[in-house]
Amino acid sequence: MSFLIIILILCIFISIFLGRFFISPKMFFDVLSDTIKGVENNPIESSIIFELRIPRIIMNILVGAGLSISGAAFQGIFQNPLVSPDIISVSSGSAFGAVLAILLFGMNSYVIILALLFGILSVVITYSLSKVRGESSVLSLILSGMVITALFSALISLVKYTADPYDKLPAITYWLMGSFSSSSYNNIKIAVIPIILGIIILYFLRWRINILSLGDEEVKALGMNPVYIRGFIIVAVTMISATCVTLTGIIGWVGLLIPHICRMYIGADNIKLIPSSCIMGAIFMLIIDGIARTATSSEIPIGILTSLIGAPFFIIIFKKYRSW
């Protein structure tokens, strides 16, 4: 764990320098020293560091940690290593709310509001649908999530079809590919409470996730209600995932890939896996966003990179560790 924290600190330090405008270590410490002393100096470098780089790094950490810990929690409670936060349709619901807001109102605060509302609505519909025939089971919840995800994906396509191809459609398409380009302190204020709160909840429930992985009958035998525990964890994951999608668009593979990488070295014990996935997710997102900002002259959408890197890497570890 301490090794991961050291790597995270190193990645944060390196990320400050990376970008189309290179910031040298000397320049960074000069600006930092002047800021601490209250001296007005190097306004361009100061603006790049404090208004662009640092908010973006904070958003990288929040989103990477949030998506990764959500994936680890879901894989534990659903007893399936192929489960990710998308399974209960929160990502597709939030994405539909955002693209609908872009179509109707443009890129403004309505995007955040509608994305959060539809993310929550999609989970409510999914959970309600899974209980149509009585008590909700893991299988019925997953199947309901697949159905609602398909529905919202179709609605997203419908919105794209009706959008102005010269104005709204490019904005919708770019947003769906995922990006940290809109990172700001205002967005951090929106993201920090639900994401941190969700992470704290999952951290303190990590031993219960171990118990849930034994199966509902064993959980009931221990005097616990698996439905309530699972529901509480789903609420925490929904809060995290909806917030991430709201602010950065759809960033796939993080919640699926990172828990697998951690499981390779740490094992399946969620007491260690949950915090390790959280830190590893932040490291992964910092590295991927660093590549997105520096690989080409224009910024590569983060969702494209996570898919290009995540899919082949997952195939490799899936073939090597098929016993999972």
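Quick caveat: nothing in here was measured; it's all calculated off a predicted structure.

As annotated in UniProt, the feature "transmembrane region" (unreviewed entry) corresponds to residues 6–23, 57–75, 87–105, 141–163, 184–207, 227–258, 270–288 and 300–318 in the numbering used here. For residues 270–288, the end-to-end C-alpha separation is 25 Å, with 100% helix and 0% strand making up the annotated structure.

By size, the foremost hydrophobic cluster in this structure holds 75 residues, and its most contacted members are Phe74, Phe78, Ile88 and Ile233. If you tally residues by element for this core, the top one is helix H3 (residues 43–77), at 14 residues. Contacts of Ile233, omitting those with residues within four sequence positions, involve Ala73, Ile77, Leu202, Leu205, Ile209 and Leu212. Core analysis: the second largest hydrophobic core is formed by 20 residues, Ile148, Phe152, Ile156 and Val159 among them.

As a further point, take the side chain of Ser94. As for its placement among the helices and strands, Ser94 is situated in helix H4 (residues 90–105). Residue contacts for Ser94: discarding those within four places in its chain leaves Ala115, Phe118, Gly119, Trp175, Ala242 and Val245.

A word on the packing of helix H5 (residues 109–130) against helix H6 (residues 138–162). A packed helix pair is summarised by two numbers, namely the angle formed by the two axes and the spacing between the axes. Direction vectors running N to C along H5 and H6 enclose 135°, while the axes themselves pass 8 Å from each other. Considered as vectors, H5 and H6 are oriented oblique to each other. Here the hand of the crossing between H5 and H6 comes out right-handed. For the pair H5 and H6, contact is made by Phe118, Ser122, Ile125, Thr126, Tyr127, Leu129 and Ser130 and by Ser140, Leu141, Ser144, Gly145, Ile148 and Phe152, respectively. Here the residues of the contact of H5 with H6 are counted per class, giving seven nonpolar, six polar and no charged.

Turning to a nonpolar patch on the surface, a few remarks are in order. The grouping of Val192, Ile193, Ile196, Ile200, Tyr203 and Phe204 at the surface amounts to a nonpolar patch, some 540 Å² of accessible area in total. Inspection of the secondary structure assignment puts Ile200 in helix H8 (residues 185–204).

On to the packing of aromatic side chains. Two aromatic rings are characterised by how far apart their centres lie and by the angle between their planes. This structure, assessed with the given rule, holds 10 aromatic pairs. Summarising the aromatic geometry, the rings of Phe13 and Phe17 are spaced 4.9 Å apart at their centres and angled 85° between planes, so their arrangement reads as edge-to-face. Taken together, the residues span about one helical turn, with Phe13 and Phe17 both in helix H1 (residues 2–17) at a distance of four residues. Look at Phe13 and you get partly exposed, because its relative accessible area is 32%. Taking the relative accessible area as the measure of exposure, Phe17 reaches 8% and is therefore buried. Judged by centre distance (4.4 Å) and plane angle (25°), the rings of Phe105 and Tyr110 are stacked. Accessibility expressed as a relative area gives 41% for Tyr110, which makes it partly exposed. Aromatic rings pair up to connect Phe13, Phe17, Phe28 and Phe29 into one cluster. The ring of Tyr203 has Arg206 lying over it, and the distance from NZ or CZ to the ring centre is 3.9 Å.

This part takes up the packing of H4 against H5. Relative orientation of the contacting elements H4 and H5 amounts to 145°, with a least axis distance of 7 Å. Here H4 runs over H5; the crossing is right-handed. For the pair H4 and H5, the contacting residues are Val90, Gly93, Ser94, Phe96, Gly97, Ala98, Leu100, Ala101, Ile102 and Phe105 in the first and Tyr110, Val111, Leu114, Ala115, Phe118, Gly119, Ser122 and Val123 in the second. Grouping the amino acids of the contact of H4 with H5 by side-chain chemistry returns 13 nonpolar, five polar and no charged.

Now for the environment of Arg230. Turning to its location among the elements, Arg230 is positioned in helix H11 (residues 226–248). The exposure class assigned to Arg230 is buried, which follows from its relative accessible area of 7%. Residues Arg230 and Phe74, 156 residues apart in the sequence, show an inter-C-alpha distance of 9.2 Å. Sequence-distant contacts of Arg230, that is, excluding residues within four places in its chain, are made with Ile77, Phe78, Val138, Leu212 and Asp216.

Rules of the game
- Residues numbered from 1 in each chain as written.
- Predicted model: local features only at pLDDT ≥ 70, side-chain atom pairs only at ≥ 80, totals over all residues.
- Heavy atoms only, no water.
- UniProt positions renumbered as here; feature names shortened; annotations may be inferred.
- Helix = DSSP H or I, 4+ residues; strand = E, 2+ residues; numbered from the N terminus.
- Core = buried A, V, L, I, M, F, W, Y, C linked by side-chain atoms within 4.5 Å.
- Buried < 20%, exposed > 50% of the residue type's maximum accessible area, 1.4 Å probe, protein only.
- Contact = heavy atoms within 4.5 Å.
- Axes fitted to C-alpha atoms, helices over the stretch in contact; angles between N-to-C directions.
- Parallel < 35°, antiparallel > 145°, perpendicular 65-115°, else oblique.
- Left-handed = near helix turned anticlockwise from the far one by under 90°.
- Nonpolar A, V, L, I, M, F, W, Y, C, P; charged D, E, K, R; others polar.
- Patch = residues over 30% accessible without salt bridge, like charges linked within 9 Å, V, L, I, M, F, W, Y side chains within 5 Å.
- Areas by Shrake-Rupley, 256 points an atom, 1.4 Å probe, with all protein chains shown as cover.
- Salt bridge = Lys/Arg side-chain N within 4 Å of Asp/Glu carboxyl O.
- Phe/Tyr/Trp six-rings, centres within 6.5 Å; stacked < 30°, edge-to-face > 60°.
- Lys NZ or Arg CZ within 6 Å of the ring centre and 35° of its normal.

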